[in-house]
Amino acid sequence: MSEAVTRTVTAPPGLLASLDPLLREWLPRQRWFAGKGRPVTGFTLVEATELLPSTGKLGLYHLLVRAHQPSVPSHGAPGHPGDCYQLLIGVREALPPRLAPALIGHMATGPLAGRTAYDALHDARPAELLLEALRTQARIGGLRFERDLDQDIRSGLVPRVVTAEQSNSSIVYGDTFILKLLRRIVPGVNPDLELPLALAREGCPRVPAPTAWMVADVDPAADPVISAGPADLAGQPYVLGVLQPFVQGASDGWELALRELAKGEDFGAEARALGRATAEVHTTLARALPTVTLGHMQLQLMVDGMIERLEAAVQAVPALRPYAEGLRTAFTALGDLAAEGRTWTAQRVHGDLHLGQCLRSPAGEWWLIDFEGEPARPLAERRMPQPAVRDVAGMLRSFDYAARSADPPQPDWAETCRSAYCSGYAEAAGLDPRTDPVLLRAYETDKAIYEVVYEARHRPDWLPVPLAAIDRLASTGHLT
Ligand SMILES: Nc1ncnc2c1ncn2[C@@H]1O[C@H](COP(=O)(O)OP(=O)(O)O)[C@@H](O)[C@H]1O
Ligand SMILES: O=P(O)(O)O[C@H]1O[C@H](CO)[C@@H](O[C@H]2O[C@H](CO)[C@@H](O)[C@H](O)[C@H]2O)[C@H](O)[C@H]1O
């Protein structure tokens, strides 16, 4: 800790007021904005830290803001303060052309009137500043930068922002590290840091070990979610970002699968290796963190949750309505098994496993990333032990997604992958997920419903992909 740099700084009063009209327009256009399709009517400032003073050529502010959206059902509830977003706001006299895509807008009023605000993640200097803060374990205002001292962080690595479609935002440093900055921030232990740290402690080679991380200590009185919420949240840090080694030259499983499909090539061997990698991660998580036995009551709660999500999805996406009854049987069948006395082991899982979360290094090793879980679900739910089959179902859905995205669709390709994946999983875990078909079907159905809602919200052109699966799952109970 001797190297730690501590500075106490807050952003100028009135900054949020000047940004308010710009952010109302800019925020909803961002890929990572969770409240799509509904206007933002204002903001609450949860945290503001000046990283570079605006007196210089470049001002830099770290903000946590809650976006008010009264038309979002939960946000309409009395006192609901809206989702909290992490913003890194750069302020310049004028934007150089290379930063034009990062423009937020020109501030007309307030302490920085006449200046231009932009998303500073796209700019090298702010990105360098974050890495340096992590390297030196800085404390700046309410921001705390922590690191694993056993891993070396070289200074001066050149940053570049990742332009891929993401739920968060990432910066790659010299092909050595990748910093993921979470966008929607939830107070409490974040599985995207918690699980990779636990896996690293156990020496699991399938997951990049966190090198450094960034958290905010927020004044409970500044965040309406804490001041009005459960007492155990007060004092919990807000996890803002995680730095981890960059797997150089890696392709993600989704790209690879599409490439093989386009060439008409078999993906069975890779699917099998992926099954083994998933099982290795599951086995390690079960060793590192508590497991529980789910009895009738817990299972019934889980089934109720699935049915509630189905009902909410039918409301949100009317195209689901004709399938609702068929889909429901997947969940009631699971409830029936539980009522007969079946029990299941539950453990910590990835929670949103799909081909895009798997990276293959040029040496052919598979890595799993992004342990955040499904971002839209409450943190407490994402951190609950669950049957490991949940992740298996996510991957099985992903093979179907890839096969459906091919022109023409390739159902046999998906079937080969699905089977190879389960065999690989069984080899490493000693348990074949296909021996539990009712649970697997319930989870595949739950995931396909989630995907329908996700696509309707984020990528409406993709909606036919999960809807095709819904059609089969509702009528036959099988995906293929
Ligand atoms: N350790 C890593 N090495 C190489 N690339 C990575 C690594 N972690 C993430 N990526 C790349 O960044 C993308 C986004 O990362 P991810 O954790 O999935 O973020 P998000 O939650 O925003 O989707 C991944 O699809 C992958 O291409
Ligand atoms: O990677 P994220 O954590 O952002 O996950 C979200 O976005 C995914 C899409 O980018 C989405 O995954 C769905 O589409 C994939 C193809 O693009 C497919 O491989 C997955 O099987 C399918 O679920 C994911 O559901 C969502 O949470």
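The protein has the name Maltokinase in an unreviewed UniProt entry, where Streptomyces chartreusis NRRL 3882 is given as its organism. Note on the protein: under the UniProt heading Pathway (unreviewed entry), the record states "Glycan biosynthesis; glycogen biosynthesis." As its UniProt record puts it under Subunit (unreviewed entry), the protein is described as follows: "Monomer."

### Here's the deal with the site of ligand 1
The environment of ligand 1 is formed by 16 residues, the closest being Q166, N168, K180, Q244 and V247. Between an oxygen atom of ligand 1 and a main-chain N or O atom of N168, the distance comes to 2.8 Å. Between an oxygen atom of ligand 1 and a side-chain N or O atom of K180, the distance comes to 2.9 Å. Protein burial of ligand 1: of its 550 Å² of free accessible surface, 85% is covered by the chains. For the shell around ligand 1, the elements supplying multiple residues, two or more each, are β11 (177-181) and β13 (238-245). Residues that form the shell around ligand 1 fall into these classes: seven nonpolar, six polar and three charged. The residue makeup of the shell around ligand 1 includes at least three contributed by each of domain 1 (6-245) and domain 2 (251-475).

### Some details on the domain arrangement of the protein
Where interface size is given, it is often the accessible area lost as the parts come together that is meant. The domain architecture assigned to the protein consists of domain 1 (6-245) and domain 2 (251-475). Here domain 1 and domain 2 have C-alpha centroids that lie 30 Å from each other. The partner domain 2 presents 26 residues to the 27 residues of domain 1 that form the contact. Summed over both partners, the interface of domain 1 with domain 2 buries about 2300 Å², with 56% contributed by carbon and sulfur atoms. The largest contributions to the domain 1 side of the interface with domain 2 come from L195, E202 and R206, which together make up 28% of the buried area. Across the contact surface, domain 1 and domain 2 share five salt bridges. Measuring nitrogen to oxygen at the nearest pair gives 3.1 Å for the salt bridge that ties R287 to E202. For the interface between domain 1 and domain 2, the tally reads 12 residue pairs in polar contact (both at pLDDT 80 or more). Residue contributions to the side of domain 1 that touches domain 2 peak at seven residues, all from helix α4 (residues 191-201). Its residues placed into classes, the side of domain 1 that touches domain 2 shows 14 nonpolar, five polar and eight charged.

### Description of the sheet that holds strand β14 (residues 251-252)
Spatially, β14-β17-β18 is the arrangement adopted by the three strands of the open sheet, whose pairing is antiparallel. Either end of the sheet is taken by a strand with one partner, and the two such strands are β14 and β18 (366-368). Note: β14 against strand β17 (residues 358-360), two bridges, orientation antiparallel. Bridging from a neighbouring strand, D252 pairs with L359 of β17.

### Regarding the environment of L310
Structurally, L310 can be placed in helix α8 (residues 296-316). Residue classification places L310 among the buried residues on the basis of a relative accessible area of 1%. Through-space distance from the C-alpha of L310 to that of L327 is 8.0 Å; in sequence the pair is 17 residues apart. If we skip the residues at most four places from it in the chain, L310 touches A324, L327, R328, F331 and I449.

### So, the sheet that holds strand β6 (residues 116-119)
Strand order in this open sheet of five strands is β2-β3-β4-β6-β5, and the pairing throughout is antiparallel. The open sheet has two edge strands, β2 (42-52) and β5 (103-106), and neither has a second partner. The mean inter-strand angle of the sheet, taken between neighbouring strand axes irrespective of direction, is 30°. Of the pairings in the sheet, the one linking β5 to β6 comprises three bridges and is antiparallel in character. Among the inter-strand pairings, H106 is bridged to a residue of β6, identified as T116. Relative to β2, helix α1 (residues 15-26) is tilted by about 115°, and along the sheet it contacts β2, β3 (59-68), β4 (83-92), β5 and β6. Contacting β2, β3 and β4, helix α3 (residues 124-135) runs over the sheet at an angle of about 80° to β2.

Reading the values: rules and limits
Residues numbered from 1 in each chain as written. Chains lettered and ligands numbered in written order. Predicted model: local features only at pLDDT ≥ 70, side-chain atom pairs only at ≥ 80, totals over all residues. Heavy atoms only, no water. UniProt positions renumbered as here; feature names shortened; annotations may be inferred. Near = heavy atom within 4 Å. Polar contact = N/O pair within 3.5 Å; in protein donor to acceptor, adjacent residues only side chain to side chain. Areas by Shrake-Rupley, 256 points an atom, 1.4 Å probe, with all protein chains shown as cover. Helix = DSSP H or I, 4+ residues; strand = E, 2+ residues; numbered from the N terminus. Nonpolar A, V, L, I, M, F, W, Y, C, P; charged D, E, K, R; others polar. Domains from an automatic or database assignment. Contact = heavy atoms within 4.5 Å. Buried area = accessible area lost by both parts, 1.4 Å probe. Salt bridge = Lys/Arg side-chain N within 4 Å of Asp/Glu carboxyl O. Pairing = 2+ DSSP bridges. Buried < 20%, exposed > 50% of the residue type's maximum accessible area, 1.4 Å probe, protein only. Axes fitted to C-alpha atoms, helices over the stretch in contact; angles between N-to-C directions.

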